[in-house]
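Architecture and fold: a report
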Amino acid sequence: MHIDTRFARFDAAPGDPCRPTSTPIYQTATFEQESALEFGRFDYTRSGNPTRTVLEDKLAALEGGRFGFALASGMAALSTLLRAAFSLGGSPAARGSLIVGSDLYGGTTRLIERLVAPLGVAVVSVDTTDLQAVRETLAKPSPGPTWVLIESPSNPLLRVSDIPAIAELAHACGARLAVDNTALSPYLQNPLTLGADVVAHSGTKHLGGHGDVTAGALVTSDEELAEAIGFLQNAEGTALAPFDSWLLLRGLKTLAVRVAQEARNAQEVAEFLERHPAVSKVHYPGLPSHDGHDLLERQARGAGQLLSFETRDAVFSQAICESTRLFTIAVSFGSTHSTISLPCKMSHASVPDQAIEQGRISPLPADLVRLSIGLENPADLIEDLKQALVSPAKVHRPAPHGQGLHCRLSES
Ligand SMILES: *Cc1c(COP(=O)(O)O)cnc(C)c1O
């Protein structure tokens, strides 16, 4: 079956004698038991809920894995994954190593720096677009399990890492690969079929797709890892609520058309920006000029709807954000409407300064503007950007207060 068909059609309510065509929301905390000693399929919604089960099975099928999990947010999914990964076979004294891409979502960096590393996991960041650097890092001996965590394309710099090659390098060293697939969604890329061991999503982005729900997902075919994730999901109570599960199911039905159209719109916007004299660099892997263009074509079915650009002038970039009319100034992405943001002041402001000072994270350019392209007509979006990209000389400049080339990130 074609992938579009798999998004649109699925059994909404397996085994339900009423045969509803939309999954019922089982808005209940408990399920009655046959007797004090006999449990049914479900007993308590924290442990399992039929609405969530339909979603989890669908997520697994769409990513090509055996076990799906829906969690309260993308961060809950990543936190659960990392804790499950490092309790596998590792003793408390030697919890293993985590090799991470050097530009990850800001909240992921905060999670790793503030919560995972202090538990005894040795964290090494490496430019995962450089396979030689990945190979050398993996070759270093480490106590306990080793995991590699990447985003491809990364957010907000849209750098593309070679998923099959990194999976192969990792497996050759007994390490495992986790891929945060939020940027492309299961419609455009399936890391498990490329060799990854587990895939993570912020469902807040494309899976929900309308900016109205916070959710996260994990999919794996590894039984032992799935068991550890399922245990944590229940033990810590991080599972997605029934109504939010239903919102995600509804989002998935239209994901294929949304993501395909948004990617077409993003391509047009990126081509316009690349020709514009006030734009010094465009980061969008759909452009043939992008470093990761050929690699992306090999491992994904499209470049997605996220792009970023530089202007060499942070004050000008801020003025662009503030003078667009169709782009909402907001964090997050993957919704039906277009948004504009300054990553180093907004989505990535949570990266601890110390991670940058110690060279584990590369600072983002202060003039970087990120666009999340929605379902508006691309001609309207381009018209709007045209009027916002007025000459930098015309921008009102406040008294200088440390506007350097790279932003200082502060805790928020
Ligand atoms: C947004 C995002 C997250 C975090 O997801 P939440 O749903 O906001 O908790 C993780 N990874 C990536 C790549 C994201 O864009």
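Things to note about the overall build of the protein
Helices and strands together make up the secondary structure of the protein, namely 14 helices and 12 strands. Rg of the C-alpha trace for the protein: 22 Å, near the compact-globule value of 22 Å for 412 residues, within the 12% margin. Considering the protein as a whole, with its 412 residues, one finds that 57% of them fall into the buried category. Pairs at least 24 apart in sequence give 74% of the contacts found in the protein among residues at least 6 apart. A total accessible area of about 17800 Å² is found for the protein, and carbon and sulfur atoms account for 53% of it. Within the protein, one finds 34 positive and 45 negative side-chain charges whose respective centroids are separated by 3 Å.

Focus on the pattern of salt bridges
Within the structure shown, the criterion is met by 8 salt bridges. Across the pair Arg19 and Asp11 runs a salt bridge, and its minimum N-O distance is 3.5 Å. On the accessibility criterion, Arg19 (47% relative accessible area) is partly exposed. Through salt bridges with shared partners, one network takes in Asp103, Asp127 and Arg159.

Brief notes about the domain arrangement of the protein
When the parts of a complex come together, some accessible area is lost, and that lost area is often used as the size of the interface. Taken domain by domain, the protein comprises domain 1 (3-250) and domain 2 (255-388). Here domain 1 and domain 2 have C-alpha centroids that lie 25 Å from each other. Facing the 42 residues of domain 1 at the interface are 43 residues of domain 2. For the pairing of domain 1 and domain 2, the buried interface totals around 3400 Å² over both sides, and the portion due to carbon and sulfur atoms is 62%. Ranking the residues of domain 1 by area buried against domain 2 places Leu158, Leu188 and His206 at the top, with a combined share of 19%. Scanning the region where domain 1 abuts domain 2 turns up 0 salt bridges. Counting across the interface, domain 1 meets domain 2 through 12 residue pairs in polar contact (both at pLDDT 80 or more). Elements with a minimum of two residues in the side of domain 1 that touches domain 2: helix H1 (3-8), helix H4 (106-116), helix H6 (163-172) and helix H7 (185-188). Its residues placed into classes, the side of domain 1 that touches domain 2 shows 18 nonpolar, 18 polar and 6 charged.

Comments concerning the site of the ligand
Contacts to the ligand come from 14 residues, most closely from Met75, Asp180, Ser202, Thr204 and Lys205. Here an oxygen atom of the ligand and a backbone polar atom of Met75 are 2.9 Å apart. At a separation of 2.6 Å, an oxygen atom of the ligand approaches a polar side-chain atom of Lys205. In the complex, the protein chains occlude 91% of the 380 Å² of accessible area that the ligand would expose alone. Here the shell around the ligand gets 3 residues from one element, more than from any other, and that element is helix H3 (residues 74-87). Of the residues contributing to the shell around the ligand, the split by class is 5 nonpolar, 6 polar and 3 charged.

Brief notes about the sheet that holds strand S2 (residues 97-101)
Strand order in this open sheet of 7 strands is S1-S7-S6-S5-S4-S2-S3, and the pairing throughout is mixed. Both edges of this open sheet fall to strand S1 (67-71) and strand S3 (122-126), since each of them pairs with a single strand only. Averaged over all adjacent pairs, the angle separating strand axes in this sheet is 20°, with direction ignored. Packed onto the sheet, helix H2 (residues 50-63) meets S1, strand S6 (198-202) and strand S7 (216-220) and runs at close to 125° relative to S1. Packed on one face of the sheet, H3 meets S1, S2, strand S4 (146-151), strand S5 (176-180), S6 and S7 and runs near 35° to S7.

Definitions and cut-offs
Residues numbered from 1 in each chain as written. Predicted model: local features only at pLDDT ≥ 70, side-chain atom pairs only at ≥ 80, totals over all residues. Heavy atoms only, no water. Helix = DSSP H or I, 4+ residues; strand = E, 2+ residues; numbered from the N terminus. Rg over C-alpha atoms; globule rule 2.2 N^0.38 Å. Buried < 20%, exposed > 50% of the residue type's maximum accessible area, 1.4 Å probe, protein only. Contact = heavy atoms within 4.5 Å. Areas by Shrake-Rupley, 256 points an atom, 1.4 Å probe, with all protein chains shown as cover. Lys, Arg positive; Asp, Glu negative; His and termini not counted. Charge placed at Lys NZ, Arg CZ, Asp CG, Glu CD. Salt bridge = Lys/Arg side-chain N within 4 Å of Asp/Glu carboxyl O. Domains from an automatic or database assignment. Buried area = accessible area lost by both parts, 1.4 Å probe. Polar contact = N/O pair within 3.5 Å; in protein donor to acceptor, adjacent residues only side chain to side chain. Nonpolar A, V, L, I, M, F, W, Y, C, P; charged D, E, K, R; others polar. Near = heavy atom within 4 Å. Pairing = 2+ DSSP bridges. Axes fitted to C-alpha atoms, helices over the stretch in contact; angles between N-to-C directions.

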